[in-house]
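Letter by letter, the chains look like this.
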Amino acid sequence: AGALVTQGTVIPDGMLALGSPAKVRRAVTEEEMTQGISRLEAHTAQIMEEAKARGIAVGVVDRTGRILYEKYFGYRDEEKKLPINRDTIFGMASVTKSFTALSIMQMQKDGILSVDDAVSAYIPEFTNKNQKEPVRLSHLMSHSGGYFPLPRIVVDKTAQEMGIKDSLEEELVDREDFAEEGIRRVAGRLDSQTHFTGRPGQRMSYCNDGFGLLSDIVRRHSGYGSFSAYLKERIFKPLGMERSNISFLRNSLDENAATLYTLEDGTWRADHDYENDAFVLHGGGALKSTLGDMLKYVSMYLNEGKSQDGTQVIDRDSIEEMCRPRQIVKPGVYYGYGLEMSQMEDMVLVEHGGSLPGVSSNLCFCPQKGIGVIVLCNTMDVPVYSIGTMALRLYCGLPLEAERIEHMPRSWSEDEKRELAGDYISGEGDRFSIKELENGELSMEVNGTPIEMKSVYPWQGMVRKKYSDVYLTAFRDENGTVFAARYGSRIFPKA
């Protein structure tokens, strides 16, 4: 029958099947595929309008590297009406973490380290002095080092305090003195913690500091001199990712870099400040890339670690280890090494998102079907994961929208109401409060905004948002006292 090409979209031969595991699937017709693409694009337009997104790039690729779908919405610069293309630079934010984890897995394959090693063996500034058990590389790779969220130590403030500036001749990302100061500050602050989410490996709580330590291990022990240089030589070059880098100033000056749109104190700001809120150590979110480059990257996972020219970037076993569920994020969602995974009908959805000022990003793929999706946006706080998931489901032959979990009704017990009530404050600046109402129900406010939370399991509540469900899970000590609660991906200590 041949591939169908419609509206710039290539639909492969033998398109996968529609339906759920409980039904016999059938091949998707060309008409159904065209209708599905229309729904996907309408969904993207709706999200753009709701979140005031200025520009979005969406791409779908298969394991052979063939681009199945590619479309650009809005502008890289709204004021100048400059279009987005395959080479437009976007911030990746936390999608960077998969690159950091991949680097560690490469170094393990090279015999330089083991993910079971203690972090202190590679970073002497990190003494692990207040924890009874060693924090291992694997713990940092799965956000389970035991650390509560902390204020971000940022690039611009650190450089200012050191009396140095970024320049094209001597970039901060490659300066040894800047890296040494960054690791001293980050490792020292982690070592100063005396209260923990649990023992190392016990609970997942999102930790940018941990991935910062991992990238410094790459810098120190890989032989490449910097995390930036390692990624360039070991990942970007083998995959042909010619527009990708760990840099700040270089992207700010790039003519085809997206303008960043950030809402601050109720006012939108548009700039090219790729240093804004950037973490001092780069493994948590410093990557900049393009749709074209990221499609090559996600295709590598689908192709069991190989680039499209057959270069072995990483072995199959290491990819399986990265995609192995290790820590629970919420019911049905788990974290591996720099990647998150969940069930998608009878298949697996592997993904990671990112968020920074002027950045919303999402990478997702299905190993069974060999389909990967990249969604990039130059506006903060845009739910691009919803676009990515819908695109993945479409090209995997599934209903475009997953069924939402409907929990059995339950009421909070007296113990739960007494122990859950209180304030929970994150070092990153977020907070939520829970209190008991006169009718016996619990009410919740997140950063001062009331939200509806329902009890779904003992010591667990759920907040239904438009595009996702956020769970609250309380943690208790041996006396039954609530000392913290995970809301979303972070554990907040109880004040």
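Because the structure is a prediction, the values reported are computed rather than measured. (Residues numbered from 1 in each chain as written. Predicted model: local features only at pLDDT ≥ 70, side-chain atom pairs only at ≥ 80, totals over all residues. Heavy atoms only, no water.)

### Regarding the overall build of the protein
At step 1: When helices and strands are counted, the protein shows 12 helices and 24 strands.
At step 2: Taken over C-alpha atoms, the radius of gyration comes to 22 Å for the protein, in line with the 23 Å a tight globule of 495 residues would show.
At step 3: Each principal axis of the C-alpha atoms in the protein carries an extent, and together these give about 65 × 60 × 45 Å.
At step 4: Buried residues in the protein amount to 56% of all 495 residues.
At step 5: In the protein, the proportion of contacts linking residues at least 24 apart, taken out of those at least 6 apart, comes to 63%.
At step 6: Carbon and sulfur atoms provide 48% of the accessible area of the protein, an area that totals close to 21000 Å².
At step 7: Charged side chains of the protein number 58 positive and 72 negative; the gap between the two group centres comes to 2 Å. (Helix = DSSP H or I, 4+ residues; strand = E, 2+ residues; numbered from the N terminus. Rg over C-alpha atoms; globule rule 2.2 N^0.38 Å. Buried < 20%, exposed > 50% of the residue type's maximum accessible area, 1.4 Å probe, protein only. Contact = heavy atoms within 4.5 Å. Areas by Shrake-Rupley, 256 points an atom, 1.4 Å probe, with all protein chains shown as cover. Lys, Arg positive; Asp, Glu negative; His and termini not counted. Charge placed at Lys NZ, Arg CZ, Asp CG, Glu CD.)

### Regarding the sheet that holds strand S10 (residues 327–330)
At step 1: Strand order across the open sheet formed by 8 strands is S4-S3-S15-S14-S13-S12-S11-S10, with antiparallel pairing between neighbours. What marks the edges here is a single partner per strand, and that holds for strand S4 (67–74) and S10. Direction aside, the axes of adjacent strands within the sheet are offset by 20 degrees on average.
At step 2: Bridge count between strand S11 (residues 333–335) and strand S12 (residues 340–344): 3 bridges; the pairing is antiparallel. Bridging across to S12, Val 333 finds its partner in Ser 342. (Pairing = 2+ DSSP bridges. Axes fitted to C-alpha atoms, helices over the stretch in contact; angles between N-to-C directions.)

### Topic: the sheet that holds strand S5 (residues 90–91)
At step 1: Taken together, 3 strands build an open sheet; the order of strands is S5-S9-S6 and the sheet is antiparallel. Single-partner strands in this sheet number two, and they are S5 and strand S6 (245–246).
At step 2: Bridge count between S6 and strand S9 (residues 287–289): 2 bridges; the pairing is antiparallel. Following the sheet pairing, Asn 245 is matched in S9 by Lys 288.

### Overview of the environment of Gly 198
At step 1: You can see Gly 198 is positioned in the loop between helix H5 (176–192) and helix H6 (208–221).
At step 2: Those residues within four positions of Gly 198 in sequence are excluded, and the remaining contacts are Gly 146 and Arg 203.

### So, the pairing of strand S13 (residues 347–356)
At step 1: Most of S13 is tucked away: 7 of the 10 residues are buried.
At step 2: Counting the residues in the hairpin turn of S12 and S13 gives 2 residues, including Glu 345, whose phi is positive at 55 degrees.
At step 3: Strand direction decides the pairing type here: S13 and strand S14 (residues 359–366), joined by 7 bridges, are antiparallel. Counterpart to Leu 356 in the pairing with S14 is Val 359.

### A short note on the confidence of the model for the protein
At step 1: Taken as a whole, the protein shows an average pLDDT of 94; of its residues, 95% reach a score of 70 or greater.
At step 2: When the criterion is pLDDT under 50, residues 1–22 qualifies, and its contacts beyond four places in sequence or with other chains add up to 60 contacts. (pLDDT = per-residue confidence, 0-100.)

### As for unusual backbone geometry
At step 1: One non-glycine residue, Lys 81, adopts positive backbone phi at about 55 degrees.
At step 2: In this fold, Lys 81 is placed in the loop between S4 and S5.
At step 3: According to the relative accessible area criterion, Lys 81 is partly exposed, its value standing at 48%.
At step 4: Unlike most non-glycine residues, Ala 93 shows phi in positive territory, near 50 degrees.

### Thoughts on the side chain of Ser 138
At step 1: Within the element layout of this structure, Ser 138 appears in helix H3 (residues 137–141).
At step 2: Residue classification places Ser 138 among the buried residues on the basis of a relative accessible area of 11%.
At step 3: Aside from chain neighbours lying at most four places away, what touches Ser 138 is Val 115, Asp 116 and Tyr 337.

### Here's the deal with the pattern of salt bridges
Pairs can form between side chains of opposite charge once their charged atoms are near each other.
At step 1: Enumeration according to the criterion identifies 35 salt bridges in this entry.
At step 2: Across the pair Arg 152 and Asp 277 runs a salt bridge whose closest N-O atoms are separated by 3.5 Å. Of the two residues, Arg 152 sits in the loop between H3 and helix H4 (155–162) while Asp 277 sits in the loop between strand S8 (267–271) and S9, which places them 125 residues apart along the sequence.
At step 3: Residue classification places Asp 277 among the partly exposed residues on the basis of a relative accessible area of 30%. (Salt bridge = Lys/Arg side-chain N within 4 Å of Asp/Glu carboxyl O.)

### Some words on the nonpolar core
At step 1: Judged by nonpolar contacts, the single largest core of 91 residues is most densely connected at Leu 213, Met 294 and Tyr 297.
At step 2: Ignoring sequence-local partners within four residues, the contact set of Met 294 consists of Met 92, Val 95, Phe 99, Met 241, Leu 287, Ser 289, Leu 363 and Ile 374.
At step 3: In this structure, Val 60, Leu 68, Met 344 and Cys 396 belong to the second largest nonpolar core, which totals 34 residues. (Core = buried A, V, L, I, M, F, W, Y, C linked by side-chain atoms within 4.5 Å.)

### Digging into helix H7 (residues 227–239)
At step 1: Between its first and last C-alpha atoms H7 spans 17 Å; for 13 residues at 1.5 Å apiece the expected length is 18 Å, and the two agree.
At step 2: The largest bend in H7 amounts to roughly 30 degrees and is located at Glu 233.
At step 3: Of all the positions in H7, only Phe 227, Ser 228, Tyr 230, Leu 231, Ile 235, Phe 236 and Leu 239 are classed as buried.
At step 4: Check the buried side of H7 and you find it contacts helix H2 (96–109), H6, S6, S9 and helix H9 (291–302).
At step 5: At the C-terminal side of H7, Gly 240 shows a positive phi close to 75 degrees. (Expected span 1.5 Å × (residues − 1). Bend = angle between axes of the 7 residues up to and from the residue.)

### Section: the packing of aromatic side chains
The way to describe two aromatic rings as a pair is by their centre distance and the angle between their planes.
At step 1: By the definition in use, this model includes 10 aromatic pairs.
At step 2: Ring plane angle 65 degrees and centroid distance 6.1 Å describe the contact between Tyr 147 and Phe 196, whose orientation is recorded as edge-to-face. Of this pair, Tyr 147 sits in the loop between H3 and H4 while Phe 196 sits in the loop between H5 and H6; the two residues are 49 residues apart in sequence, bridging distant segments of the chain. In terms of burial, Tyr 147 and Phe 196 fall into one category: buried.
At step 3: One aromatic cluster is present, built from ring pairs that chain together Phe 99, Phe 236, Tyr 297, Tyr 301 and Phe 365.
At step 4: Against the face of Trp 268 rests Arg 54, its NZ or CZ located 4.2 Å from the ring centre.
At step 5: Seen from the ring of Tyr 337, Arg 326 lies directly overhead, with NZ or CZ sitting 4.0 Å from the centre. (Phe/Tyr/Trp six-rings, centres within 6.5 Å; stacked < 30°, edge-to-face > 60°. Lys NZ or Arg CZ within 6 Å of the ring centre and 35° of its normal.)

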